[in-house]
Amino acid sequence: MRRSEEMDLSKRALRGRDLVVFSNDWDGDPLSKVHIMRILSRDNRVLWVNSIGNRAPKANAHDAQRIIKKLKTFTQGIREVEPNLHVLAPLAIPFYGSETVRQANRHLLRLQVLRAMKQLKFERPISWSFLPASAPVSGTLGEDFVVYHCVDEFSAFSDTNGKHIAELEERLLRRADMCITSAERLYENKKRMNPRTVLVRHGTDHAHFVKACDPATKIPEDIAKLPKPIIGFFGLVADWIDQDAIIACAKAHPEGSVVIVGKTTPDCDDSRLRAVPNIHMLGRKPYADLPGYNKAFDVALNPFVINELTLNSNPLKVREYLASGLPVVSSDLPEVRKVGLCRIATTPEDYVKQVNAALADNPGPNRERAEKIFHESWEARVTEIRQHVGEAMLAAGKKL
């Protein structure tokens with residue numbers, strides 16, 4: 001295909017379509033899925049179906065609160081949260097347990113989605129799944145095309161039944177008309193089951209995070225007065241986070257501060273972090289405020305333990321740190337090496353060494369550094385996605 005034809009295809013594909021999207025809850029932090037669908041909703045109608053779960057709920061306060069929240073949002077019906085973007089919070093038990101329960105749940109979810117599609121007058125929809133748990137429903141909604149957009153190795157999460165998730169994902173992969181992956185390792189793995197698999201790496205909300213370099217951006221009060229240097233991290237504190245690396249950096253800089261912006265998952269013990277006097281755990285903050293926190297950082301950390309989950313990951317925060325103009329020290333992950341621009345650490349002692357090197361070499365936000373990631377915008381990534389989907393639809397004999 002000639003370049004002019006490619007440009008024409010990317011301009012024509014995914015325009016004026018109805019998309020049924022299975023993903024995380026809309027009200028959570030804006031992950032890659034939100035960025036992509038916000039752009040596509042400019043010229044497509046989107047029905048966003050909130051999470052139907054990758055694991056069975058546990059008997060704890062966190063899951064109980066989540067169930068209550070889902071019941072409340074279910075009673076609200078379909079919400080138009082942004083122009084062309086409608087959210088459905090379905091009632092669904094995750095697809096585990098007996099086959100009878102699974103079949104009943106499949107029918108319940110399918111009926112709820114079909115009713116929402118009818119209410120919105122969706123025609124020839126494209127179903128777009130970011131979650132393996134949609135497998136029993138994807139492809140049964142009268143879709144014109146089915147996309148599986150894989151951004152994690154879901155079977156490797158510690159709080160899921162890996163065998164069940166792998167089975168659901170294989171079912172979805174075999175049913176999907178194409179699969180989009182966000183990391184090369186995912187691409188190599190998923191294309192074995194679906195040869196119509198492509199690689200589109202994450203982008204970044206550059207215009208948002210580059211505000212960290214703007215003199216007018218205000219640093220929030222809870223970080224503004226902390227002792228320097230500030231070694232920062234934002235994101236979930238979960239079992240894939242290398243707490244030893246964070247603690248080593250804090251102990252190496254008792255005169256400074258290690259700041260963690262984000263919540264701790266219910267199954268993760270963060271007591272060791274909280275026991276270190278100069279580690280400040282500030283909790284989850286609004287997305288709008290993150291550039292202000294990044295502005296206070298001298299060095300940003302991406303401290304992941306190395307396992308099957310993280311080796312398949314493409315940490316969005318790395319690009320967001322870089323778009324903020326920050327020096328970044330990261331664990332040795334394949335996708336971080338692809339990005340470049342980061343210092344790589346392999347042990348807690350190596351983290352200290354690399355952080356010290358970053359502190360000695362132009363710490364804090366720097367606009368020149370931020371511009372090096374400018375070309376990796378979400379707009380550019382969605383153009384890639386349009387191109388791939390357009391090619392796959394034409395190859396399948398579908399009308400764009």
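Residues numbered from 1 in each chain as written. Predicted model: local features only at pLDDT ≥ 70, side-chain atom pairs only at ≥ 80, totals over all residues. Heavy atoms only, no water.

- Under an unreviewed UniProt entry, the name given to the protein is Glycosyltransferase, and the organism recorded is Corallococcus exiguus.

## Quick word on the pairing of strand β13 (residues 328–331)
Looking down a regular strand, the side chains alternate between one sheet face and the other.
Phase 1: When strand β12 (residues 299–302) meets β13, the two strands line up parallel, connected through 3 bridges. Looking across to β13, one finds that Asn302 is bridged to Ser330.
Phase 2: Taking the sense of rotation as the criterion, the β-α-β connection linking β13, helix α14 (residues 334–339) and strand β14 (residues 343–345) turns out right-handed. (Pairing = 2+ DSSP bridges. Helix = DSSP H or I, 4+ residues; strand = E, 2+ residues; numbered from the N terminus. Right-handed = clockwise from strand over helix to strand, strands pointing away.)

## Observations regarding the sheet that holds strand β8 (residues 197–199)
Paired through backbone hydrogen bonds, the strands of a sheet run either parallel or antiparallel to each other.
Phase 1: One open sheet holds the 8 strands; their spatial order is β3-β4-β2-β1-β5-β6-β7-β8, and the pairing between them is mixed. For this open sheet the edge positions go to β3 (79–82) and β8, each flanked by a neighbour on one side alone. When the angles between neighbouring strand axes are averaged without regard to direction, this sheet yields 25°.
Phase 2: Docked against the sheet, helix α5 (residues 162–175) engages β5 (126–129), β6 (145–150) and β7 (178–181), running at close to 135° with respect to β6. (Axes fitted to C-alpha atoms, helices over the stretch in contact; angles between N-to-C directions. Contact = heavy atoms within 4.5 Å.)

## A closer look at the confidence of the model for the protein
Phase 1: Per-residue pLDDT for the protein has a mean of 91; in total, 90% of the residues score no lower than 70.
Phase 2: For residues 66–71, every residue scores under 50 in pLDDT, and the model assigns this stretch 8 contacts once sequence neighbours within four places are set aside. (pLDDT = per-residue confidence, 0-100.)

## Some thoughts on the packing of helix α2 (residues 32–40) against helix α17 (residues 378–395)
Each pair of packed helices can be summarised by the angle the axes make with each other and by the distance between the axes.
Phase 1: For the pair α2 and α17, interaxial distance at closest approach is 10 Å and the crossing angle is 75°. The angle between the axes of α2 and α17 places the two elements in the roughly perpendicular class. Taking contact as the criterion, the partners of Ser32, His35, Ile36, Ile39 and Leu40 in α2 are, on α17, Trp378, Glu379, Val382, Ile385 and Arg386.
Phase 2: Grouping the constituent residues of the contact of α2 with α17 by class yields 6 nonpolar, 2 polar and 2 charged. (Parallel < 35°, antiparallel > 145°, perpendicular 65-115°, else oblique. Nonpolar A, V, L, I, M, F, W, Y, C, P; charged D, E, K, R; others polar.)

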